[in-house]
Each structure stands twice: as C-alpha cells, then as structure tokens.
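Residue-level structure breakdown
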Amino acid sequence: ILAVDMFVYRVVQFIAISLVALPGPVDAIAFTAGIGEHSSEIRKRCILQLQQTILPQLALDEARNNNDGSETNGVLTKEGSWPVCLDIATDEEAMICEDTLRVVNQTSD
C-alpha cells in the first residue's frame, strides 16, 4: 500500500510542478500507458488528490473513469471540469520501434 501511496504522490507532484512551470493554462491531463491507461483506481486517487490540493475545479466522473473513458472519447472528468482528464491509449512498443528505425536510418545515410 505504501508503494501505491508513494506512486500517486509522485504523479501528483509531477503534475503540480508542471502546472506551475508551464507558461499558459493547461487544457488537459492525459493518463497513458500501462497504469495510467488501465488502472481506474490509480487515476481516481491522482485526480482526487489534485482536486484536494491544487485543482479544486477538477471533478472526476466515477462512471467514466471506471469505463476507462471508453464511452466518452477518453474523457474521465465531469462536464465543465477543468482541466479535462483523459485516458489515452498508447502503443509504447510501436513508438520505440519507430524511433529506433528513425535513428538507424539517420546514422546509415
């Protein structure tokens, strides 16, 4: 349990730091890859902690989150929530392959 608590803490910490450091308003927070894409519990804990600490306008929609946003184009938050939280499918292996091919092709020219 402590490991999960620390993981959520670090995710929320990184998002909070990014919100402060970015030059303009944030339109969305995207949860991707293995945990972000497939763990409604981790997303819920992150979003609730963000709401309680730095983003009071953030409002999780439990049904959307539990369905991984599959019926709402990935949207996990309630209408009018700011910023919008999204569950975005990724394919890390394909991206690694594409990046590797790009690097190999650049060095072989």
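Definitions and limits used
- Residues numbered from 1 in each chain as written.
- Predicted model: local features only at pLDDT ≥ 70, side-chain atom pairs only at ≥ 80, totals over all residues.
- Heavy atoms only, no water.
- Patch = residues over 30% accessible without salt bridge, like charges linked within 9 Å, V, L, I, M, F, W, Y side chains within 5 Å.
- Areas by Shrake-Rupley, 256 points an atom, 1.4 Å probe, with all protein chains shown as cover.
- Salt bridge = Lys/Arg side-chain N within 4 Å of Asp/Glu carboxyl O.
- Lys, Arg positive; Asp, Glu negative; His and termini not counted.
- Charge placed at Lys NZ, Arg CZ, Asp CG, Glu CD.
- Helix = DSSP H or I, 4+ residues; strand = E, 2+ residues; numbered from the N terminus.
- Axes fitted to C-alpha atoms, helices over the stretch in contact; angles between N-to-C directions.
- Parallel < 35°, antiparallel > 145°, perpendicular 65-115°, else oblique.
- Left-handed = near helix turned anticlockwise from the far one by under 90°.
- Contact = heavy atoms within 4.5 Å.
- Nonpolar A, V, L, I, M, F, W, Y, C, P; charged D, E, K, R; others polar.
- Core = buried A, V, L, I, M, F, W, Y, C linked by side-chain atoms within 4.5 Å.
- Buried < 20%, exposed > 50% of the residue type's maximum accessible area, 1.4 Å probe, protein only.
- Expected span 1.5 Å × (residues − 1).
- Arc of directions from axis to C-beta.
- pLDDT = per-residue confidence, 0-100.

Turning next to a negative patch on the surface. On the surface, Asp91, Glu92, Glu93 and Glu98 cluster together into a patch of negative charge. Tracing the backbone shows Glu93 in helix 5 (residues 92-107).

Across the interface, helix 1 (residues 2-21) lies against helix 3 (residues 40-53) with an axial gap of 9 Å and an inter-helix angle of 50°. Between helix 1 and helix 3, the angle falls in the class oblique. Between helix 1 and helix 3 the crossing geometry is right-handed. Across from Val4, Asp5, Phe7, Val8, Tyr9, Val11, Val12 and Ile15 in helix 1, the residues of helix 3 making contact are Ile42, Arg45, Cys46, Gln49, Leu50 and Thr53. Here the contact of helix 1 with helix 3 is built from residues that sort into ten nonpolar, two polar and two charged.

By size, the foremost hydrophobic cluster in this structure holds 16 residues, and its most contacted members are Ile29, Phe31, Leu50 and Cys85. Mapped by element, the contributors of at least two residues to this core are helix 1, strand 1 (28-32) and helix 3. Among all residues touching Ile29, those that are not within four sequence positions of it are Ile15, Leu50, Leu55, Pro83, Val84, Cys85 and Leu86.

This part takes up helix 3. With 14 residues, helix 3 should cover 20 Å at 1.5 Å per step; its first-to-last C-alpha distance of 20 Å lies within 8% of that length. Within helix 3, the full set of buried residues consists of Ile42, Arg43, Cys46, Ile47 and Leu50. One face of helix 3 carries all of its buried residues, which in axial projection span an arc of 125°.

So, about the side chain of Ser81. Its location among the elements puts Ser81 in the loop between helix 4 (62-66) and strand 2 (84-88). Apart from the residues within four sequence positions on either side, Ser81 is in contact with Gln57, Leu58 and Ala59.

Before going further, it helps to spend a moment on the confidence of the model for the protein. In the predicted model, the protein carries a mean pLDDT of 92, and 98% of its residues have values of at least 70. Within the protein, the element-level pLDDT minimum falls on helix 2 (residues 33-38), averaging 87, and the maximum on helix 3, averaging 96.

The next subject is the pattern of salt bridges. Under the criterion given, the structure shown has seven salt bridges. Here Arg43 and Asp87 are joined by a salt bridge, their closest N and O atoms 3.2 Å apart. Of this pair, Arg43 sits in helix 3 while Asp87 sits in strand 2, and the two are 44 residues apart along the sequence. The two residues Arg43 and Asp87 agree in class, both being buried. Here Glu79 and Arg64 are joined by a salt bridge, their closest N and O atoms 2.9 Å apart. Residue Glu79 is found in the loop between helix 4 and strand 2, and its partner Arg64 is found in helix 4; the two are separated by 15 residues along the sequence.

Pro83 follows Trp82 through a cis peptide bond whose omega is -15°. Mapped onto the elements of the fold, Pro83 is located in the loop between helix 4 and strand 2. The backbone phi angle of Ala33 is positive, close to 65°, even though this residue is not glycine. Mapped onto the secondary structure, Ala33 falls in helix 2. With phi around 55°, Asn73 is a residue other than glycine that occupies positive phi space. Mapped onto the elements of the fold, Asn73 is located in the loop between helix 4 and strand 2.

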